[in-house]
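Examination of the molecular architecture
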Amino acid sequence: MGDLLGNLALGFSTALSIQNILLCFTGCLVGTLIGVLPGVGPIATIAMLLPLTFKVDPTGALIMLAGIYYGAQYGGSTTAILVNIPGEATSVVTVLDGHQMAKQGRAGVALGTAAIGSFIAGSVATVFIAALGKPLTELALLFGPAEYFSLMVLGLAFAVVLARGSVLKAVAVIFLGLLLSTVGTDLETGEERLTFGIPDLADGIDFAVLAMGIFGFAEILRNLENPETRDVVRGAIGRLLPSKEDLKRSLAPIARGTGLGAILGILPGNGAVLGPFASYTLEKKIAKDPSRFGKGAIEGVAGPEAANNAGAQTAFIPLLTLGIPPNAVMALMVGAMTIHGVIPGPQVMTKNPSLFWGMIASMWIGNLMLLIINLPLVGLWVRLLKVPYRLMFPAILLFCCIGIYSINNNPGDVIMTAFFGLAGYALYKFGFEPAPLLLGFVLGKLMEETFRQAMVISRGSFMTFVERPLSGALLAITAAILVIAVLPNVRKRREEAFQE
Amino acid sequence: MTVKSPQEVAAGLFLIVVAAIGLWQGAELAAGSLNQMGPGMLPRALSVILVVLGGALALDGFLEKGAGLERWHVRGPVFILGAAVVFGLLVRPVGLAIAGPVAVLLGAMADKGTKFVETLVFGVILTAFCVGLFKYALGLPIPVAPWLLGY
């Protein structure tokens, strides 16, 4: 306990320098600004804004990136409440009751509750990360290549279960991501693989390029095809601060949402997405009058928003302790860390404690910033959302181009992004989900490395993955999850859950 | 046998084509042995798995009723992705000052309702804002107008 406090104190002394506070503030502000734009989720936002952090020292850069991430998350919720379209997967649930509240003239209260809920969830999650960081880092020491490999297999299995649509398609799209990850120079022999002789591909496909293509560009194409059904709240936003009655109704959902989100967020394979859904279902189940849900129930905003933010934060745990990114956003964080010479994993905490704890402390400060920035700026976001899409999408396009160019100062990257935009469009037309592909791509390189190491150690025996107890246990869980996912009645319920 | 879900069949064929490209590009790489894996083993193994999955998906499309083929639009992809390609080609030789408005104008044509003058003015203002932000405020080394300013 004393350890924890000492570490947090170190963190706050790092995060509270004037430079780092400013970076955190700027990150939250621009993150929200871009994240509010409809159809621009956290992945595209971070890829676009990554170059903003290049001139800063590693600690400051990560603090700023984390700020951008929270800003983008919160921006998505703002769009969900004010407009009837969710900015990203995790705010789908917020649309249900948040937009109804907005229609009833209570947009302000919905936004305020979302901000307060997120802040409480963020504060709890920060302590959670700080407390779990050390034991999990020690756990990482028990992990050999076989265990790492099996853990990542488990992560991908989660991604299959969490994807919408057919299980077969989700599995296929993950393998597609894995195949894409093998493009580039082979780590052991230095031979070029699947590069088509294109020099830009020798280092492999840049993650930001792939993500921006299939999330940023393809999203613009999708939005252009679906005629605009934006229904920006007209009329008053109303008061922002929830009344006593509202608070009383929201506090318990916030607490439950925080718990659910924090636990699900740790799961590899983007468990954070599940948090808001789980919270909404739970609140509806235990409510005295479930019929209020979908008609502007404040619990339906408070709980999922808290779960959303808690999960967004605890998703850092696998990255910081094991070095495994659990979702696409965290993979971008890996990219950013590598650019700054920090290799994520258990060694960060011991080798660079001020960076590790500074980032954790800045998470809390970032949440506070969001509360401070967003409440007074709501009017600005409303005005921004009223800009017609015919002007908005060329602007998003230009930001994407500049962002991608600036990551490596390579014009070829922009052209490659356009190619992946087309690929993302094709995936959409064929009914594939892009998120599992990105996760497969992200984990692919790490998986290949650990797989090959494990095979060398075991002298070519597959049994090593099953014989080693920890690895075997992880694979057993994986098998159980996959079996459950294809069981007919679970399959039906899963479809129903996504329908809701 | 009739196709019951054109989308599934098309998706399966798409996977098979991608896997075939993977097999073709990886044909010359040594596979090695499990003990000492070569660079070609994983790409080949993954491609084969994709062929199997693609085949299963296509077969499923013959057996189970499902979604039809979606209509592919031409206008959106051509102008949006074209704008990005043109931006990539122009940014080094003529700089952001030209590449910016050109990309905005070209991209905006993806939407039928675009008005030329409005978009041009908007593109110029937006580019000026980006130059101010990315070049001057953040100091990113993106060329602005090499033909005029020398950088």
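Only a predicted model underlies this, so the values are computations on that prediction, with no experimental measurement involved.

Domain parsing of chain B yields domain 1 (6–63) and domain 2 (75–137). Computed from C-alpha coordinates alone, the two centres of domain 1 of chain B and domain 2 of chain B are separated by 38 Å.

Another point: the interface of chain B and chain A. If you look at the interface, chain B gives 63 residues, while chain A gives 53 residues. Secondary structure elements with two or more residues in the side of chain B that touches chain A: helix 1 (6–25), helix 2 (41–63), helix 3 (75–94), helix 4 (96–108) and helix 5 (116–137) of chain B. With 12 residues, the top contributor of residues to the side of chain B that touches chain A is helix 3 of chain B. Partitioned by chemical class, the residues of the side of chain B that touches chain A number 40 nonpolar, 19 polar and 4 charged.

Counting all residues, the mean pLDDT for chain B is 88, and 99% of those residues have values of 70 or more. Reported for the predicted complex are a pTM of 0.88 and an ipTM of 0.93.

All right, on to the nonpolar core then. Core analysis: the biggest nonpolar cluster contains 220 residues, and Ile46(A), Ala211(A), Leu332(A), Leu397(A), Cys401(A) and Ala84(B) have the highest contact counts within it. Taken together, domain 1 (6–63) and domain 2 (75–137) of chain B each give at least three residues to this core, which thus spans both. What Leu397(A) contacts, discounting residues up to four positions off in sequence, is Ile220(A), Ile80(B), Ala83(B), Ala84(B), Ala103(B) and Gly107(B).

A word on the confidence of the model for chain A. The pLDDT averaged across chain A works out to 85; a share of 94% of its residues lies at or above 70. For chain A, per-element mean pLDDT is lowest for helix 21 (residues 488–499) of chain A, which scores 58, and highest for helix 17 (residues 411–429) of chain A, which scores 93.

Moving on, we get to the packing of helix 4 of chain B against helix 5 of chain B. All names here are of chain B. With their axes 8 Å apart at the nearest point, helix 4 and helix 5 run at an angle of 140° to one another. One way to sum up the angle between helix 4 and helix 5 is to call them oblique. For the pair helix 4 and helix 5, the crossing hand works out as right-handed. Here Leu96, Ala97, Gly100, Pro101, Val104, Leu105 and Ala108 of helix 4 come into contact with helix 5, specifically with Thr119, Leu120, Phe122, Gly123, Val124, Leu126, Thr127, Cys130 and Val131.

Calculation notes
- Residues numbered from 1 in each chain as written.
- Chains lettered and ligands numbered in written order.
- Predicted model: local features only at pLDDT ≥ 70, side-chain atom pairs only at ≥ 80, totals over all residues.
- Domains from an automatic or database assignment.
- Contact = placed C-beta atoms within 7 Å.
- Helix = DSSP H or I, 4+ residues; strand = E, 2+ residues; numbered from the N terminus.
- Nonpolar A, V, L, I, M, F, W, Y, C, P; charged D, E, K, R; others polar.
- pLDDT = per-residue confidence, 0-100.
- Core = buried A, V, L, I, M, F, W, Y, C linked by C-beta atoms within 7 Å.
- Buried ≥ 20, exposed ≤ 12 C-beta atoms within 10 Å, placed from the backbone.
- Axes fitted to C-alpha atoms, helices over the stretch in contact; angles between N-to-C directions.
- Parallel < 35°, antiparallel > 145°, perpendicular 65-115°, else oblique.
- Left-handed = near helix turned anticlockwise from the far one by under 90°.

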